[in-house]
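Residue-level listing of the chains:
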Amino acid sequence: MRVYLEIAKKLEDDVRNKYSHGDYLPSESKLAELFSVNRHTVRRAIDELVFAGLVMRHQGKGNMVVSQPADYHLHAGAHFTGNLLEQGSLPRCEVLKSRTMLASESLAKKLNCEQEKKIIHIRTFRKIDGVPRTVIDHYLPEYTWWPILKHFKSGSLHQFLKKELGVDLIRKSTRLRAQMPSTEYCRLLQINSNIPLLKIRTTNVIKGTEVIAEYSSSNTRSDVIELVMEH
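Description of the structure in this document. What you see is a predicted model; the values in this text were computed from it and never measured.

Conventions we followed
Residues numbered from 1 in each chain as written. Predicted model: local features only at pLDDT ≥ 70, side-chain atom pairs only at ≥ 80, totals over all residues. Heavy atoms only, no water. Buried < 20%, exposed > 50% of the residue type's maximum accessible area, 1.4 Å probe, protein only. Helix = DSSP H or I, 4+ residues; strand = E, 2+ residues; numbered from the N terminus. Pairing = 2+ DSSP bridges. Axes fitted to C-alpha atoms, helices over the stretch in contact; angles between N-to-C directions. Parallel < 35°, antiparallel > 145°, perpendicular 65-115°, else oblique. Left-handed = near helix turned anticlockwise from the far one by under 90°. Contact = heavy atoms within 4.5 Å. Nonpolar A, V, L, I, M, F, W, Y, C, P; charged D, E, K, R; others polar. Phe/Tyr/Trp six-rings, centres within 6.5 Å; stacked < 30°, edge-to-face > 60°. Lys NZ or Arg CZ within 6 Å of the ring centre and 35° of its normal.

## Considerations on the pairing of strand β8 (residues 197-206)
Counting buried residues along β8, eight of its 10 residues qualify, which places the element largely inside the surrounding structure. The pairing of strand β7 (residues 169-179) with β8 spans 10 bridges and is classified as antiparallel. In the sheet register, Ile170 faces β8, and the bridge partner there is Val205. With nine bridges joining them, β8 and strand β9 (residues 212-221) adopt antiparallel strand pairing. Residue pairing in the sheet places Val205 in a bridge with Ile212 of β9. Counting the residues that bridge the hairpin from β8 to β9 gives five residues, and of these Gly208 lies at a positive phi of roughly 85°.

Structural data, given as structure tokens:
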């Protein structure tokens, strides 16, 4: 193995295990001295970390460690909050909007209900370890749940449904595409307009049935979430 790749591997281990987001690596001259190589070799090693998305170069400041994407496992029982808690992250949920509305033609098809039927719409804003990650619009066709759901303020919506209504939801289908963020999403998620969003549209049914209980559309920062497809 070439020397710069060996150094890159050692630095990658350090970045993953010893450094936190926002920390700076030692200067290239100090690293060159540490590894008994010239600065050009160190620079090539750091190039590998930059390419892998582990480090970002800041002109005049040095090489900063950047936060790593959290794994989001896509399977039938996947839930945003549970996924991240299992990884040791601290997800936080804030309800931005909670209301009833009339189902449009498009939503009626997704929810398998009549057009103009009263449905529930809840918009949640999620952070992980204090960093804005995703905005999710939840649409639920069962209007009789509204007296309970209007009290949902934070945490996992699915856990709230299970605890308060005894309803256990399971994922039936997921559609995924990329799109550029609007001004609103740039503001909410604190990103530049050149960072794409992962738009994940999910249909959830009541466990053990084919009854559609929720359609959700989430807009997630692509730089902080990595989807894991399980087969």
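## As for the packing of helix α1 (residues 3-17) against helix α3 (residues 39-51)
Geometrically, a packed helix pair is captured by the angle between its two axes and the distance between the axes. Here α1 crosses α3 at 50°, and the two axes come no closer than 8 Å. Between α1 and α3, the angle falls in the class oblique. Considering how the two elements wind past one another, α1 and α3 form a crossing that is right-handed. Together, Val3, Tyr4, Leu5, Ile7, Ala8, Leu11, Glu12 and Val15 of α1 and Thr41, Arg44, Ala45, Ile46, Glu48 and Leu49 of α3 make up the contact between the two elements. Looking at the contact of α1 with α3 residue by residue, the classes come out as 10 nonpolar, one polar and three charged.

## Some words on the packing of aromatic side chains
To describe a pair of aromatic rings, one takes the distance between the centres and the angle between the planes. The tally for this structure, following the rule as stated, stands at two aromatic pairs. Between the aromatic rings of Tyr139 and Tyr215, the centroid separation amounts to 6.3 Å while the plane-to-plane angle is 25°, which identifies the pairing as stacked. In this pair, Tyr139 sits in strand β6 (residues 131-140) while Tyr215 sits in strand β9, placing the two residues 76 residues apart along the sequence. There is no split in this pair, since Tyr139 and Tyr215 are both buried. The lysine or arginine in question, Arg44, covers the ring of Tyr4, its NZ or CZ lying 3.9 Å from the ring centre.

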